[in-house]
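This is what each chain is made of:
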Amino acid sequence: MKHRKTIFFSLTALLVIAGGVYGLHEYTRKNADLGHVRADLQISAGDLIRKMETGGQAAERELLAKKDYVIAVTGSIKEISRDEKGYYTIALGNPDGMSSVRCAMDTMHQKGLAGLATGATVTIQGAFTGFNQDPLLGSDVILNRCVISNKKP
Amino acid sequence: MAISLKTIRHLVLGSLLAFGSLSHAQGRYYTKSAKLFFQCTKSPLEKVEATNKSGTCVLDTQSGQVQFAVLMKGFEFAKALMQEHFNENYVESDRFPRSEFRGQVINNADIHYGKDGSYPAHVKGTLQIHGESRPVEANGTILIKGGKPSLAATFTILLSDYKIAIPSVVSDKISNSVDISVEGALEPLKN
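Here is what the cut-offs are and how they apply
- Residues numbered from 1 in each chain as written.
- Chains lettered and ligands numbered in written order.
- Predicted model: local features only at pLDDT ≥ 70, side-chain atom pairs only at ≥ 80, totals over all residues.
- Heavy atoms only, no water.
- Contact = heavy atoms within 4.5 Å.
- Buried area = accessible area lost by both parts, 1.4 Å probe.
- Salt bridge = Lys/Arg side-chain N within 4 Å of Asp/Glu carboxyl O.
- Polar contact = N/O pair within 3.5 Å; in protein donor to acceptor, adjacent residues only side chain to side chain.
- Helix = DSSP H or I, 4+ residues; strand = E, 2+ residues; numbered from the N terminus.
- Buried < 20%, exposed > 50% of the residue type's maximum accessible area, 1.4 Å probe, protein only.
- Phe/Tyr/Trp six-rings, centres within 6.5 Å; stacked < 30°, edge-to-face > 60°.
- pLDDT = per-residue confidence, 0-100.
- Pairing = 2+ DSSP bridges.

Colleague: Lay out the interface of chain A and chain B with the relevant residues and their values.
Modeller: One frequent convention defines the size of an interface as the accessible area lost when the parts assemble. With 30 residues of chain A at the interface, the matching set in chain B holds 30 residues. When the two sides are added together, the surface that chain A and chain B hide from each other amounts to roughly 2,700 Å², 50% of it contributed by carbon and sulfur. Of all residues in chain A, Y27, L136 and L137 of chain A give up the largest surface area on contact with chain B, accounting jointly for 21% of the area buried on that side. For the pair chain A and chain B, the interface holds five salt bridges. Linking chain A with chain B are 12 residue pairs in polar contact (both at pLDDT 80 or more).

Colleague: For the pattern of salt bridges, give the residues involved together with the corresponding values.
Modeller: Tallied over the entire structure, the rule returns 15 salt bridges over all chains. Close ionic contact of R98 of chain B with E60 of chain A constitutes a salt bridge, the shortest N to O distance being 2.9 Å. Here E60 of chain A lies in helix α2 (residues 45-64) and R98 of chain B lies in strand β4 (residues 98-105), a pairing that spans two chains. On the basis of relative accessibility, which here comes to 22%, the residue R98 of chain B falls in the partly exposed class. In this structure E60 of chain A comes out as buried when scored by relative accessible area, which is 2%.

Colleague: Can you explain the environment of G46 of chain A? Please cite residues and give values.
Modeller: Residue and element names in this part refer to chain A. Position of G46 among the secondary structure elements: in helix α2. Here G46 falls in the partly exposed class, since its relative accessible area comes to 28%. A sequence separation of 46 residues divides G46 from L92, and the C-alpha atoms of the two residues are 8.7 Å apart.

Colleague: Can you tell me about the packing of aromatic side chains, naming the residues and giving the values?
Modeller: A ring pair, where both rings are aromatic, is described by two values, the distance of the centres and the angle of the planes. Residue and element names in this part refer to chain B. By the definition in use, this model includes six aromatic pairs over all chains. Here F38 and F75 contribute two aromatic rings whose centre-to-centre distance is 5.2 Å and whose plane-to-plane angle is 65 degrees, an arrangement assigned as edge-to-face. Residue F38 is found in strand β1 (residues 28-41), and its partner F75 is found in the loop between β3 (65-71) and α2 (80-90); the two are separated by 37 residues along the sequence. Of the two residues examined, F38 and F75, each falls in the buried class. Measuring from centroid to centroid gives 5.9 Å for F38 and F77, while their planes differ by 75 degrees, and the two rings are edge-to-face. In this pair, F38 sits in strand β1 while F77 sits in the loop between β3 and α2, placing the two residues 39 residues apart along the sequence. Like F38, the residue F77 is buried in the burial classification. Chaining the aromatic ring pairs together yields one cluster made of F38, F75, F77 and F86.

Colleague: Lay out unusual backbone geometry with the relevant residues and their values.
Modeller: Non-glycine residue R145 of chain A carries a positive phi angle of around 55 degrees. The topology assignment puts R145 of chain A in strand β6 (residues 138-152).

Colleague: Can you break down the environment of A39 of chain A residue by residue, with the values?
Modeller: Residue and element names in this part refer to chain A. Within the element layout of this structure, A39 appears in the loop between α1 (2-28) and β1 (41-44). Looking at A39, the relative accessible area reads 17%, which means it is buried. Along the sequence, A39 and Y69 sit 30 residues apart, while their C-alpha atoms lie 7.8 Å from each other. Dropping the residues within four chain positions of it, A39 is found in contact with V70, I71, A72 and Q125.

Colleague: I'd like to hear about the confidence of the model for chain B, residue by residue, with values.
Modeller: Regions with low pLDDT should not have their predicted coordinates read in detail. Per-residue confidence for chain B gives a mean pLDDT of 88; residues scoring 70 or more make up 86%. Contacts for the low-pLDDT stretch residues 11-26 of chain B, under 50 throughout, to residues beyond four places or in other chains number five contacts.

Colleague: Give a detailed account of α2 of chain B, specifying residues and quantitative values.
Modeller: All names here are of chain B. Here α2 has its buried residues at A80, M82, Q83, E84, F86, N87 and Y90. Lining the buried residues of α2 we find β1 and β8 (174-185). Downstream of α2 by one or two residues, E92 has phi in the positive range, about 50 degrees.

Colleague: Describe the environment of A104 of chain A, and please don't skip the residues or the numbers.
Modeller: Considering the arrangement of structural elements, one finds A104 of chain A in strand β4 (residues 100-105). With 14 residues separating them along the chain, A104 of chain A and I90 of chain A place their C-alpha atoms 6.6 Å apart. Setting aside anything within four residues of it in sequence, one finds A104 of chain A in contact with Y88, T89, L143, N144, R145 and C146 of chain A together with S54 of chain B.

Colleague: Which residues make up the pairing of β1 of chain B, and what values do they have?
Modeller: All names here are of chain B. In the sheet, β1 pairs with strand β2 (residues 49-60) via nine bridges, with the strands oriented antiparallel. If you follow T31 over to β2, its bridge partner there is C57. With six bridges connecting them, β1 and β8 associate as antiparallel partners. For L36, the partnering residue across the bridge sits in β8 and is V182.

What follows is the structure in structure tokens.
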């Protein structure tokens, strides 16, 4: 009987500890590093913009409903901007148009971005965040937590 | 002679119209990387705050009309779980992907867009979040540097106004009152 009680309390204690560890892990969990994630879609910047323009809100909602839908986009660097905190946003697309794929670069992957130049072809992967379409500002696909997955001269 | 006077009149009128249209285009400024920060922390033990670096903003310096738009999934939190709850349970980002402000700089006539300096700005308009629209007023600053405007403003909203419910289990951590700050450096819009 005593032996049974010991096993019961040990198992209960183990479950409580496991629950606590899992809870703490979930509570302190950071967003996934997309540098180690396989992309759900590989596409060129121009095709992605056209796909979203054609699909409109329905296409945007379909992708937003998926948790962390990762897209790897290949295109020419149209613009590189760096804010006062040093964080980079890279826009891929046709330099003559207003439309682009705007990639907010992951703060953990800023190294090497200073060496990038407009006109270079890169593949950047990031989490789909939404699609903006405006008669004045053009069409923009927004990706967050982006990382360079491939760089070509 | 009569024809030539008519031609001159047309030319002058045409030039004036063209100048009007050109100066209107020059009066529009935009950014696609406006920054928005909000915090609704209630307990000092846990910060509830997020930043979005991909807001769009258009300002028409002639009319004073201003628009902001932001994608809700673009808000980044320090903790992934908090970000997931924000998107899935509170603002329902897949149903209501963006928030938008459309308004007017009320004291637009006091802002000398052609002269570098810092000008107080009072903005009034409508803010749409979670599918709900409410009137909002904000005091901010328009900074003119090198002929380009930068905007900065802060204001407070109530989550309950936008039908965003806080579950009782976290009501001691999340405040119904949200402080929002917005800033953006604008570039001329060529069209």
